[in-house]
Amino acid sequence: MVLEGNPEVGSPRTSDLRHPGSQGSCVLSSPGEDAQPGEEPIKYGELIVLGYNGCLASGDKGRRRSRLALSRRPHANGVKPDVMHHISTPLVSKALSNRGQHSISYTLSRSHSVIVEYTHDSDTDMFQIGRSTENMIDFVVTDTSPGGGAAEGPSAQSTISRYACRILCDRRPPYTARIYAAGFDASSNIFLGERAAKWRTPDGLMDGLTTNGVLVMHPAGGFSEDSAPGVWREISVCGNVYTLRDSRSAQQRGKLVENESNVLQDGSLIDLCGATLLWRTPAGLLRAPTLKQLEAQRQEANAARPQCPVGLSTLAFPSPARGRTAPDKQQPWVYVRCGHVHGYHGWGCRRERGPQERECPLCRLVGPYVPLWLGQEAGLCLDPGPPSHAFAPCGHVCSEKTARYWAQTPLPHGTHAFHAACPFCGAWLTGEHGCVRLIFQGPLD
């Protein structure tokens, strides 16, 4: 067995110099080196998991939660490429497996591997995301099933990698965040086996993709009232951008997209093949509605005393504190094909078309009849507009621009498919537009 100690050492390109590692846990409230006691830590941004509407069904606990803020660490923990080794057998990689030395091992064949060692980078902070609950994972993410909630039980096999991806944040302004596929394991290593897609770049360096891939979509026009969905791309282990593979786990990579980067923008979506995360910047969150504003909108809507146009009962959106339990007597319901809002009633059933299919008594359109629930995850909203639209068929309510944006945004599903989904519960959207304008009946004079 031969270990060549420095056959190809050069100056890695800029994207590789920003290639991170991970040590320790995510810092949510500890101030950075330059912060004064009592000051808020510098926040790089927040990650929001789509489909949970503000909180996991079992509650947000520690590193397993629906939303996580990434803040500046007390001490930098980033790493960057240092030395490349060619070895005659993958077994020699064990000689480099120690917790103080980060490395990426590219297995080219049974008799040939390339190992890239990494060294400490004092200018960056690293945060790791994955399914594993080990300490090196800062944000533990589980599969989200359509309709909201996590896939549970022994039969629910996860498609999210234990060490799915890592985000590198510059410790100095403008605190740029970059995403890379794969995360370092408990031995501070990343292993790309024989079957993983990998290749040598034109400048002599190595790169590769993970089994199910890490996909990223940057919105056009930022995450604001003028936003439009962007194009889904795949991010490599070294942070380069590629077009999508023919299928999620195909060994043939897509084409390099040279004019795009792995820098996260406000509203960037990160798909881990089982869960999709939204990245919000501090500046973007300042433009988003607050929980106080959402509560004020709920109270304002209830103060208008909307009525059921048939039963004439007064309707009211329930308090978020009550959670999404069984609808109460004042819960507003909607016919999602036409948008007419009623109180609950038992007539108009079309059992031949399914238990939720009802005929609207006002316009006679037949379609799903569901309770309305306010969207409570403010970070998913594009603007603080009034709750005027509902997603079909789940009935989550938000502003018009928020509803139309998410209804136009295809989210990855499985190895080939894309579906628009409600960002609050993950239910696949149906109908011509995926959402409907709500038509309320005011109180009689």
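The shown structure was predicted, so the numbers you read here are calculated from the model rather than taken from an experiment. (Residues numbered from 1 in each chain as written. Predicted model: local features only at pLDDT ≥ 70, side-chain atom pairs only at ≥ 80, totals over all residues. Heavy atoms only, no water.)

## Some words on the overall build of the protein chain
- Per the secondary structure count, the protein chain includes four helices and 27 strands.
- Expressed as a percentage of its 445 residues, the buried residues of the protein chain come to 53%.
- A separation threshold of at least 6 residues defines the contact pool for the protein chain, and within that pool the share at least 24 residues apart is 65%.
- Total accessible area on the protein chain stands at roughly 20100 Å², and carbon and sulfur atoms take up 51% of it. (Helix = DSSP H or I, 4+ residues; strand = E, 2+ residues; numbered from the N terminus. Buried < 20%, exposed > 50% of the residue type's maximum accessible area, 1.4 Å probe, protein only. Contact = heavy atoms within 4.5 Å. Areas by Shrake-Rupley, 256 points an atom, 1.4 Å probe, with all protein chains shown as cover.)

## Overview of unusual backbone geometry
- Here proline 173 and proline 174 are connected by a cis peptide whose omega angle stands at 5°.
- Take proline 174: it is sitting in the loop between β8 (165-170) and β9 (177-181).
- In this chain, alanine 392 is followed by proline 393 through a cis amide linkage whose omega measures 15°.
- Of note, proline 393 is situated in the loop between β23 (389-391) and β24 (396-398).
- Notably, asparagine 53 is not glycine yet its phi reads approximately 55°, a positive angle.

## A look at the pairing of strand β14 (residues 232-235)
- Side chains of β14 alternate between two faces, with Trp232 and Glu234 and Arg233 and Ile235 buried alike.
- Note: strand β13 (residues 214-217) against β14, four bridges, orientation antiparallel. Directly across from valine 216, in β14, lies its bridge partner arginine 233.
- Between β14 and strand β15 (residues 241-242), which pair antiparallel and follow one another directly, the connecting turn spans five residues, one of which, glycine 239, has a positive phi of 85°. (Pairing = 2+ DSSP bridges.)

## Examining a nonpolar patch on the surface
- Among the surface-exposed residues, Val310, Trp347 and Leu362 lie close enough to one another that they form a single nonpolar patch of about 270 Å² accessible area.
- Summarising the element assignment, leucine 362 is placed in the loop between β20 (357-359) and β21 (366-371).
- Relative accessible area serves as the criterion here: at 45%, leucine 362 is assigned to the partly exposed category. (Patch = residues over 30% accessible without salt bridge, like charges linked within 9 Å, V, L, I, M, F, W, Y side chains within 5 Å. Salt bridge = Lys/Arg side-chain N within 4 Å of Asp/Glu carboxyl O.)

## Points about the side chain of asparagine 189
- As for its position among the elements, asparagine 189 is in strand β10 (residues 189-192).
- Classification of asparagine 189 by relative accessible area gives buried; the value is 2%.

## Focus on the sheet that holds strand β22 (residues 373-374)
- Ordered in space as β22-β24-β23-β27, the four strands form an open sheet in which the pairing is mixed. The open sheet has two edge strands, β22 and β27 (435-437), and neither has a second partner.
- The pairing of β23 with β27 spans three bridges and is classified as antiparallel. Paired with phenylalanine 391 across the bridge in β27 is cysteine 435.
- Sheet strands in contact with helix α4 (residues 400-408) are β23, β24 and β27, and its direction is about 30° off that of β23. (Axes fitted to C-alpha atoms, helices over the stretch in contact; angles between N-to-C directions.)

## Focus: helix α3 (residues 291-303)
- Between its first and last C-alpha, α3 extends 18 Å over 13 residues, near the 18 Å set by a 1.5 Å rise per residue.
- All buried positions along α3 are accounted for by Leu294, Gln297, Arg298 and Asn302. Taken end-on, α3 shows its buried residues confined to a sector of 130°, consistent with a single buried face. In α3, those exposed residues whose orientation departs by more than 90 degrees from the buried face are Lys292, Glu300 and Ala303.
- Packed against the buried residues of α3 are β22. (Expected span 1.5 Å × (residues − 1). Arc of directions from axis to C-beta.)

## Notes on the environment of serine 145
- Considering the arrangement of structural elements, one finds serine 145 in the loop between β7 (139-140) and β8.
- Residues serine 145 and glycine 274 lie 129 residues apart in sequence; the distance between their C-alpha atoms is 8.0 Å.

## Examining the packing of aromatic side chains
- Under the criterion given, the structure shown has 13 aromatic pairs.
- Aromatic side chains tyrosine 118 and phenylalanine 184 sit 6.1 Å apart centroid to centroid with 75° between the ring planes, which places their arrangement in the edge-to-face category. One end of the pair, tyrosine 118, is in strand β5 (residues 112-121); the other, phenylalanine 184, is in the loop between β9 and β10, with 66 residues separating them in the sequence. Accessibility assignment for this pair places tyrosine 118 and phenylalanine 184 in one class, buried. (Phe/Tyr/Trp six-rings, centres within 6.5 Å; stacked < 30°, edge-to-face > 60°.)

## Observations regarding the pattern of salt bridges
- A full pass over the atoms with the stated rule returns 16 salt bridges.
- Of the charged contacts in the structure, one is a salt bridge between arginine 233 and glutamate 260, with a shortest N-O distance of 3.0 Å. Note that arginine 233 is positioned in strand β14 and glutamate 260 in the loop between β15 and β16 (269-271), a separation of 27 residues in sequence.
- Close ionic contact of glutamate 359 with arginine 364 constitutes a salt bridge, the shortest N to O distance being 3.1 Å.
- You can call glutamate 359 buried: its relative accessible area is 19%.
- Connected via shared salt-bridge partners are Lys43, Glu46, Arg67 and Glu377.

## Comments concerning the nonpolar core
- Ranked by size, the top nonpolar core spans 30 residues in total, and within it Leu47, Ile129, Ile167, Ile179, Ile270, Leu272 and Leu277 carry the most contacts.
- Counting residues per element, the ones that place at least two in this core are β1 (43-49), β2 (67-71), β6 (124-130), β8, β9, β13 and β17 (276-280).
- Sequence-distant contacts of isoleucine 167, that is, excluding residues within four places in its chain, are made with Leu47, Leu70, Asp125, Met126, Phe127, Ile129, Ala177, Arg178, Ile179, Leu264 and Ile270.
- Grouped together as the second largest cluster of nonpolar side chains are 27 residues, Ile48, Met217, Ala407 and Ala421 included. (Core = buried A, V, L, I, M, F, W, Y, C linked by side-chain atoms within 4.5 Å.)

## Quick word on the sheet that holds β21
- Taken in spatial order, the four strands make up an open sheet running β19-β18-β21-β20, and their pairing is antiparallel. The strands lining the two open edges of the sheet, one partner per strand, are β19 (341-342) and β20.
- Looking at chain direction, strand β18 (residues 333-335) and β21 are connected through three bridges and run antiparallel. If you follow valine 334 over to β21, its bridge partner there is valine 370.

None of the figures reported here should be taken as evidence of function without further support.
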